[in-house]
Amino acid sequence: MKIITDKINTLPNHSISRKEVQIILDNVTHEKFGIAKVFKISAQLFENSNWERPVIMNGSTYNILSRGLEKDFVIRELLIEIYVNATNIHYSMKSHKLNADQRKKLEEIISPIYQKVIGEIKSLKTN
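Residues numbered from 1 in each chain as written. Predicted model: local features only at pLDDT ≥ 70, side-chain atom pairs only at ≥ 80, totals over all residues. Heavy atoms only, no water.

J.: How should I be thinking about the nonpolar core in this particular structure?
T.: Side chains that are nonpolar tend, in soluble globular proteins, to be buried together. Residues Phe39, Ile64, Ile75 and Ile82 are the most contacted members of the largest nonpolar core, which totals 32 residues. A per-element tally of this core places helix 2 (residues 71–87) first, with eight residues. The contact partners of isoleucine 82, leaving out residues within four places of it in the chain, are Ile24, Val28, Lys32, Phe33, Phe39 and Tyr62. (Core = buried A, V, L, I, M, F, W, Y, C linked by side-chain atoms within 4.5 Å. Buried < 20%, exposed > 50% of the residue type's maximum accessible area, 1.4 Å probe, protein only. Helix = DSSP H or I, 4+ residues; strand = E, 2+ residues; numbered from the N terminus. Contact = heavy atoms within 4.5 Å.)

J.: So what exactly am I meant to see when it comes to the sheet that holds strand 4 (residues 61–64) here?
T.: Within a sheet, neighbouring strands are paired by backbone hydrogen bonds and run either parallel or antiparallel to one another. An order of 1-2-4-3 is seen for the four strands of this open sheet, with the pairing classed as mixed. Edge positions in the sheet fall to strand 1 (2–5) and strand 3 (55–58), since each of these pairs with one other strand and no more. With strand direction ignored, the average angle separating the axes of adjacent strands in the sheet is 20 degrees. As paired strands, strand 1 and strand 2 (residues 38–41) are joined by four bridges and run parallel to one another. Across the sheet, lysine 2 pairs through a bridge with valine 38, a residue of strand 2. The sheet contacts of helix 1 (residues 18–26) involve strand 1, strand 2 and strand 4, and relative to strand 1 the element is tilted by about 150 degrees. Packed on one face of the sheet, helix 2 meets strand 2, strand 3 and strand 4 and runs near 35 degrees to strand 3. (Pairing = 2+ DSSP bridges. Axes fitted to C-alpha atoms, helices over the stretch in contact; angles between N-to-C directions.)

J.: Would you mind going over the side chain of arginine 67 with me for this structure?
T.: Locating arginine 67 in the fold gives a position in the loop between strand 4 and helix 2. At 2.7 Å, the side chain of arginine 67 and the backbone oxygen of proline 12 are in polar contact. (Polar contact = N/O pair within 3.5 Å; in protein donor to acceptor, adjacent residues only side chain to side chain.)

J.: Can you help me understand unusual backbone geometry in this one?
T.: With the exception of glycine, most residues fall at negative phi, and the peptide bonds are largely trans. The omega angle of the peptide bond from leucine 11 to proline 12 is 0 degrees, so this bond is cis rather than trans. Its location among the elements puts proline 12 in the loop between strand 1 and helix 1. The backbone of asparagine 50 sits at a positive phi, close to 65 degrees, despite the residue not being glycine. In this fold, asparagine 50 is placed in the loop between strand 2 and strand 3. Residue classification places asparagine 50 among the exposed residues on the basis of a relative accessible area of 68%.

J.: Quick question: what am I supposed to make of the pattern of salt bridges here?
T.: Two side chains of opposite charge can pair, provided their charged atoms sit close to one another. For the structure shown, the criterion picks out five salt bridges. A salt bridge links aspartate 6 to lysine 40, with the nearest nitrogen and oxygen atoms 3.7 Å apart. Of this pair, aspartate 6 sits in the loop between strand 1 and helix 1 while lysine 40 sits in strand 2, and the two are 34 residues apart along the sequence. (Salt bridge = Lys/Arg side-chain N within 4 Å of Asp/Glu carboxyl O.)

J.: Help me understand the packing of aromatic side chains in this model?
T.: In this description, a pair of aromatic rings is defined by centroid distance and the angle of the planes. Under the defined criterion, the tally for this structure stands at one aromatic pair. With 4.7 Å between their ring centres and 5 degrees between their planes, phenylalanine 39 and tyrosine 62 make a pair best called stacked. Within this pair, whereas phenylalanine 39 is found in strand 2, its partner tyrosine 62 is found in strand 4, the two being separated by 23 residues in sequence. Relative accessible area serves as the criterion here: at 0%, phenylalanine 39 is assigned to the buried category. Owing to a relative accessible area of 0%, tyrosine 62 belongs among the buried residues under this scheme. Looking at arginine 76, its charged tip hangs above the ring of tyrosine 114, at a distance of 4.0 Å from the centre. (Phe/Tyr/Trp six-rings, centres within 6.5 Å; stacked < 30°, edge-to-face > 60°. Lys NZ or Arg CZ within 6 Å of the ring centre and 35° of its normal.)

The following block contains the structure:
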C-alpha cells in the first residue's frame, strides 16, 4: 500500500496524517482493501467535491478529503469506505451515497476497529 499526501499552501490543513492512515491500515486485514493500492490524502476541500462523503474509493485509490474536518470523523469515514467495498454493500452511484440502514450496519462493523485505532492515535500524542 502506498500513502500519498498532497501538498497544500493554504489553510485548512489536513486533519489526518500519513502515520495515522498507516495505523488504520495496520488494523484492517489487507483483504478488505480489495484492488486498492493507494491511499491519497487529497488537497481538495470536501465542500468543493460534490461528494456525499469525504472518503471515496475511485478505481484503485482511496481519496481522503480531510482538510478542515475533524480527525475522528475522517477516520470513521475511511473505515466505512473500506468496509463498503469489503462487504459489497450496494449504494446509489450518485455521490457514493449510503442510506441510513447501510450506514448503521457499517458503523456497527467498524466500531471495534475504530475504537482501537483512536486509542492508538491518542497514545501517539501522549508519548
